[in-house]
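# Chain and residue survey
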Amino acid sequence: MRVLGIESSCDETGIALYDTDKGLLAHALYSQIAMHAEYGGVVPELASRDHIRKALPLIDDVLSEAQLTRNDIDAVAYTAGPGLVGALLVGAAIGRSIAWALDLPALAINHMEGHLLSPLLEDEPPEFPFVSLLVSGGHTLLIDVQGVGEYQLLGESIDDAVGEAFDKTAKMLGLSYPGGPILAALAEQGTSDKYLFPRPMTNRPGLDFSFSGLKTFAMNTWRDSEKTEQDKADICLAFQTAAVETLAIKCKRALKQAGRKTLVVAGGVSANKALRVRLDAMPHINVYYPRQEFCSDNGAMIAFAGAMRQSAMVKDDSPAFSARPRWPLDELSPPSAV
Ligand code: KG4
Ligand code: ZN
């Protein structure tokens, strides 16, 4: 079965074709970063309009890269949430229209399930069960994963997501958007013992996170510094070290609590090198990540999630469809047969 995947939940239009026998056939991504950078963050209405402009040409690109035509598509998977509702509706409308026009089954995919399953696209995928750390611009989640659709929430952020804290801290320091990768790059110039930031919520039991205090700590440290370029790099490093250490402490705790030896990390922040170095150093734990290009939003993870749920794919003649700005992962259930 060849599944067309459509991702449009935020500021990236991602399209891919996944074959359940041959694996990933082709994928394409258009990032709207340059357009939103001018405003210092994502402008939802501009995002929706750009998805409309880019989705169909990207679908044609992916088909021609795979040397296939529209008639070779067997099913359509599209992101239906969580995310920006207008942006989601574009992908959902296009996905459902293609399915209707070609008389194909279609499936609404949860964006965070896409991230969660993305490391399974790699050549040596992790085996179930495992603990998943999902770190993106909107979510920081620790999940015990028994199989596709069998998700138990262990912990989450009670305020900012870790990616959001990276982005807000970067913005406060005058770095451009999206700040996460830029802050991480600047941290490489930092002096490691200059500042020590707190590790929020690590000295009490539980698996929840709080990252907004770290952002405020960075702001106060910057305010009280001499505001040199070196101070900026030192603050980036201290912030990143504290965020990474906090994630690592909670991952260790989650693995112990769930009795797992495998950790699977995904979402935009899983591209962070310092996080990977720290997690890879955990003794007796196997850690898996998506390849760099599939850490951030992409169509491949949505096509793949659709393929993993092919038994749930249905043809639907109704013109109605919906998107869910909020869609907790633990509301999902397993497909009847995977
Ligand atoms: O998964 P993603 O592309 O979109 C969401 O679903 O939110 O994640 C984007 C987030 C942004 O906050 C971005 O700054 C962060 O991932 N990010 C990073 C790095 N690369 C992307 N944060 C820290 N270090 C990085 N290298
Ligand atoms: Zn995402």
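It should be emphasised that the depicted structure is a prediction, and the values quoted were computed from it without experimental measurement.

Quick look at the side chain of His-115 now. Along the chain, the position of His-115 falls in helix H4 (residues 111-117). Of the residues examined, His-115 reaches a relative accessible area of 0% and is grouped as buried. Those residues in contact with His-115, other than ones at most four positions away along the chain, are Leu-134, Ala-266, Gly-267, Gly-268, Cys-295, Ser-296, Asp-297 and Met-301.

When two helices pack together, their arrangement is given by the angle between their axes and by how far apart the axes lie. The contact between helix H8 (residues 229-258) and helix H9 (residues 273-280) brings their axes to 10 Å, and the two run at 35°. Judged by the sense of rotation from one axis to the other, the crossing of H8 with H9 is right-handed. Between H8 and H9, the residues in contact are Gln-240, Val-244, Glu-245, Leu-247, Ala-248 and Cys-251 and Ala-274, Leu-275, Arg-278 and Leu-279, respectively. Looking at the contact of H8 with H9 residue by residue, the class counts come to 7 nonpolar, 1 polar and 2 charged.

Right, let's get into the coordination of the zinc ion (ligand 2). Those protein atoms acting as donors to the zinc ion (ligand 2) are His-111 (NE2), His-115 (NE2) and Asp-297 (OD), and they sit at 2.0 to 2.1 Å. Donor residues for the zinc ion (ligand 2), ordered by position in the chain, follow H-x3-H-x181-D. Linking His-111 with His-115, this pair stays in helix H4, spanning 4 residues, or about one helical turn. Taken individually, His-111 and His-115 each receive the classification buried, so the pair is uniform in this respect.

A few words now on the layout of surface pockets. Roughly 170 Å³ of internal volume is contained in the second largest pocket. Considering the residues around the second largest pocket, the lining is formed by Lys-252, Arg-253, Leu-255, Lys-256, Arg-260, Lys-261, Met-282, Pro-283 and Ile-285. Residue composition of the lining of the second largest pocket, by class: 4 nonpolar, no polar and 5 charged.

Once that is clear, we can look at the pattern of salt bridges. All chains considered together, the criterion is met by 20 salt bridges. For the salt bridge of Asp-60 with Arg-70, the shortest nitrogen-to-oxygen distance reads 3.2 Å. On the criterion of sequence distance, the pair formed by Asp-60 in helix H2 (residues 44-65) and Arg-70 in the loop between H2 and strand S4 (75-81) is long-range, its members being 10 residues apart. Classification of Arg-70 by relative accessible area gives partly exposed; the value is 43%.

By domain assignment, the protein chain separates into domain 1 (2-117 + 295-337) and domain 2 (128-289). Between the C-alpha centres of domain 1 and domain 2 there is a distance of 27 Å. Every contact between the two is made by 23 residues of domain 1 and, on the other side, 24 residues of domain 2. In total, domain 1 and domain 2 occlude about 1700 Å² of area from one another, counting both sides; carbon and sulfur atoms represent 72% of this. Sorting the residues of domain 1 by area buried against domain 2 places Met-112, Leu-116 and Cys-295 first, and these three jointly supply 34% of that buried surface. For the pair domain 1 and domain 2, the number of links is 0 salt bridges.

Criteria and cut-off values
- Along each chain, numbering runs from 1 in the same order as the chain's sequence is written.
- Following the order in which they are written, the chains are lettered starting with A and the ligands numbered starting with 1.
- Given that the model is predicted, a residue must reach a pLDDT of at least 70 before its local features are reported, and side-chain atom pairs must reach 80 or more before they are shown or counted; all residues, however, enter totals for whole chains, interfaces and linings.
- For side-chain calculations, the full set of non-hydrogen atoms in the structure is used, while hydrogens and water are omitted.
- A run of H or I in DSSP becomes a helix once it reaches four residues, and a run of E becomes a strand once it reaches two; helices and strands are each numbered from the N terminus.
- For the exposure calls, accessible area comes from a 1.4 Å probe over protein chains only, and a residue counts as buried if that area is under 20% of its type's maximum, exposed if over 50%, partly exposed in between.
- In this analysis, two residues are considered to be in contact whenever any of their non-hydrogen atoms come within 4.5 Å of each other.
- Helix axes are fitted to C-alpha atoms over the stretch in contact, other axes to C-alpha atoms as well, and angles between N-to-C directions run from 0 to 180 degrees.
- Here a crossing is taken to be left-handed if its near helix is turned anticlockwise relative to the far helix by less than a right angle, and right-handed if that turn runs clockwise.
- Under the grouping applied here, Gly and all other residues not named as nonpolar or charged are polar, the nonpolar ones being Ala, Val, Leu, Ile, Met, Phe, Trp, Tyr, Cys and Pro and the charged ones Asp, Glu, Lys and Arg.
- Coordinating donors are taken to be N, O and S atoms lying within 2.8 Å of the metal, or within 3.2 Å when the metal is Na, K or Ca; because water is excluded from the atom set, some sites may appear incomplete.
- A cavity, in this analysis, means grid points on a 1 Å lattice covering only the protein atoms where a 1.4 Å probe fits yet has no way out; a pocket is instead an open set bounded by protein on both sides within 12 Å along at least five of seven lines, and a residue lines either one if it has an atom within 4 Å of a point.
- Grid points are joined across faces, edges and corners, and a volume is the space filled by probe spheres set on the points.
- Only one rule defines a salt bridge in this text: a Lys or Arg side-chain nitrogen within 4 Å of an Asp or Glu carboxyl oxygen.
- Domain delimitation follows an automatic or database domain assignment.
- Put simply, buried area is how much 1.4 Å-probe accessible surface two parts lose in total, over both of them, once they are put together.

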